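# Results of the structural survey
This is what each chain is made of:
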Amino acid sequence: MTSSAQEVLALYGGPKAVQTDPGDMFDWPIVTEEDEQAIMDVLRKRAMSGTEITELFEQEFAQWQRTQYALGFSSGTAAIQAAMYGCGVGVGDEIICQSLTYWASCLQVYSLGGTVVFAEVDPDNLCIDPADLENRISSRTKAIVVVHYLGHPADMDPIMEIAGAHGIKVIEDVSHAQGALYKGRLVGTIGDVAAMSLMSGKSLAIGEAGILATDNLEIYERALTLGHYERYDERIQTEALKASAGLPSGGYKYRMHQMSSAMGRVQLRHYDERCAEIQKAMNYFWDLLEGVPGVKAHRPAKDSKSTMGGWYAAHGLYRPEELGGLSVTKFCQAVSAEGCGISPGANKPLHLHAVFNETDVYGDGKPTRIAHSDRDVRQPRGTLPVTEAMPARCYSIPWFKHYRPQVIEEYAAAFRKVAENHERLLADDPGDPEDMGGWHFFRHR
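Residues numbered from 1 in each chain as written. Predicted model: local features only at pLDDT ≥ 70, side-chain atom pairs only at ≥ 80, totals over all residues. Heavy atoms only, no water.

### Notes on the sheet that holds strand 4 (residues 141-147)
In spatial order, the strands read 1-9-8-5-4-2-3; together these 7 strands make up an open sheet with mixed pairing. If you trace the sheet from one side to the other, it starts and ends with strand 1 (69-73) and strand 3 (115-119), each paired once. Averaged over all pairs of adjacent strands, the angle between their axes in this sheet comes to 25°, without regard to strand direction. Set on the sheet, helix 2 (residues 52-65) makes contact with strand 1, strand 8 (193-197) and strand 9 (210-214); between it and strand 1 the angle comes to about 130°. Helix 5 (residues 156-166) contacts strand 4 and strand 5 (169-173) of the sheet and is inclined by roughly 150° relative to strand 5. (Pairing = 2+ DSSP bridges. Helix = DSSP H or I, 4+ residues; strand = E, 2+ residues; numbered from the N terminus. Axes fitted to C-alpha atoms, helices over the stretch in contact; angles between N-to-C directions. Contact = heavy atoms within 4.5 Å.)

### Let's talk about helix 2
Taking 1.5 Å per residue, 14 residues should reach 20 Å; helix 2 reaches 20 Å between its end C-alpha atoms and fits that length. Taken as a whole, helix 2 has its buried residues at Ile53, Thr54, Phe57, Glu58, Phe61, Ala62, Trp64 and Gln65. The secondary structure elements touched by the buried residues of helix 2 are helix 1 (33-45), strand 1, strand 7 (185-186), strand 8, strand 9 and helix 8 (258-288). Just past helix 2, the residue Arg66 takes up positive phi, approximately 65°. (Expected span 1.5 Å × (residues − 1). Buried < 20%, exposed > 50% of the residue type's maximum accessible area, 1.4 Å probe, protein only.)

### Comments concerning the side chain of Arg136
Looking at the element boundaries, Arg136 is found in helix 4 (residues 130-136). Among the residues examined, Arg136 registers a relative accessible area of 16% and is labelled buried. Within polar-contact distance, the side chain of Arg136 engages the side chain of Asp132 at 2.8 Å. (Polar contact = N/O pair within 3.5 Å; in protein donor to acceptor, adjacent residues only side chain to side chain.)

Any functional reading would require information beyond the geometric quantities listed.
Here is the structure:
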């Protein structure tokens with residue numbers, strides 16, 4: 001890729017760096033006749049609300065995930081809630097989670113009578129910082145929810161060591177990272193239980209669905225009892241659960257829609273191959289930008305035996321100090337003008353939202369965050385400085401689904417061109433707004 005120094009930025013009338021029509025480069029999930037046939041078979045059999053296809057998908061997913069058990073859910077939100085319940089989280093208990101994440105990593109703990117304490121993130125991988133965990137553990141801590149955020153595997157070895165020393169369960173939220181490796185191990189196989197979304201924007205996308213995976217029979221069966229009434233029967237082996245068989249303990253109905261499980265069986269068969277192509281394309285993109293000031297790859301070191309899986313909601317790390325203090329907002333505006341639409345920030349830090357500070361969800365007469373606590377666990381602005389700084393230090397990048405070097409090179413050239421000509425942008429840089437990113441979904445391009 002040639003140097004873009006002294007080029008006129010597209011924002012000021014120059015030619016765009018991206019000239020090639022990307023075609024289906026960003027289309028996801030890949031849907032073929034095989035998917036359509038599997039879904040139509042369910043429809044024609046009028047089997048949308050059964051479980052026989054879902055149980056086949058669970059068996060295949062467990063084999064792929066390398067766990068003994070897998071349990072399908074209507075959403076990732078339900079799967080993570082069930083993982084919490086499976087780990088025994090209840091009234092007055094605390095979980096620890098990072099604040100820089102989607103709300104469904106932790107907010108469901110309210111429905112179990114528990115609360116959440118947020119920990120800092122590591123600024124280089126954007127996952128929970130093991131060095132901050134000890135600061136957040138109390139006598140009420142029941143579980144740590146580890147989010148493999150934006151596909152980057154969290155540093156699981158020290159997390160597991162700390163959790164083990166305190167007798168705390170570890171729940172892996174793999175919603176962003178299906179197929180990712182941590183030091184050669186599949187994420188979702190390291191903690192006590194994994195749960196994840198499989199909705200249509202994820203890298204393993206099967207519709208509106210979620211799944212839980214574990215090697216622990218009791219966790220699996222407790223999770224099942226919460227919202228799978230038709231499977232809470234004589235098959236249950238955990239003695240403490242047998243007396244309540246027949247009705248869902250949580251009063252929820254959480255089974256996976258069988259159009260989703262049918263699609264899941266097809267998608268899973270092709271996932272490793274498609275994931276490998278995504279990894280090849282995304283790594284090529286970052287290789288092209290190696291050494292460019294201001295931008296840093298959000299990916300594990302090449303010699304770490306760790307990978308990004310399907311690179312869901314891919315982002316990069318921003319270093320404004322290398323670009324004269326240029327705001328990430330202005331940087332993204334300039335890159336977007338080059339034909340590569342990106343946005344600044346990521347998820348807004350959850351600890352700053354009203355639902356974690358003021359909202360009384362269930363009419364307890366006090367904020368739900370502290371309704372069943374013997375201490376005030378709320379964390380106002382300034383208490384998680386690393387996390388609060390992150391939205392101004394990251395940005396979305398293109399999520400390439402195919403390895404097409406010419407197209408990828410043009411998109412990388414947009415970043416290089418802006419970085420190498422950033423001085424022009426400093427003159428009219430308004431800076432970053434106080435609140436960046438969003439509470440909800442990312443752009444999935």
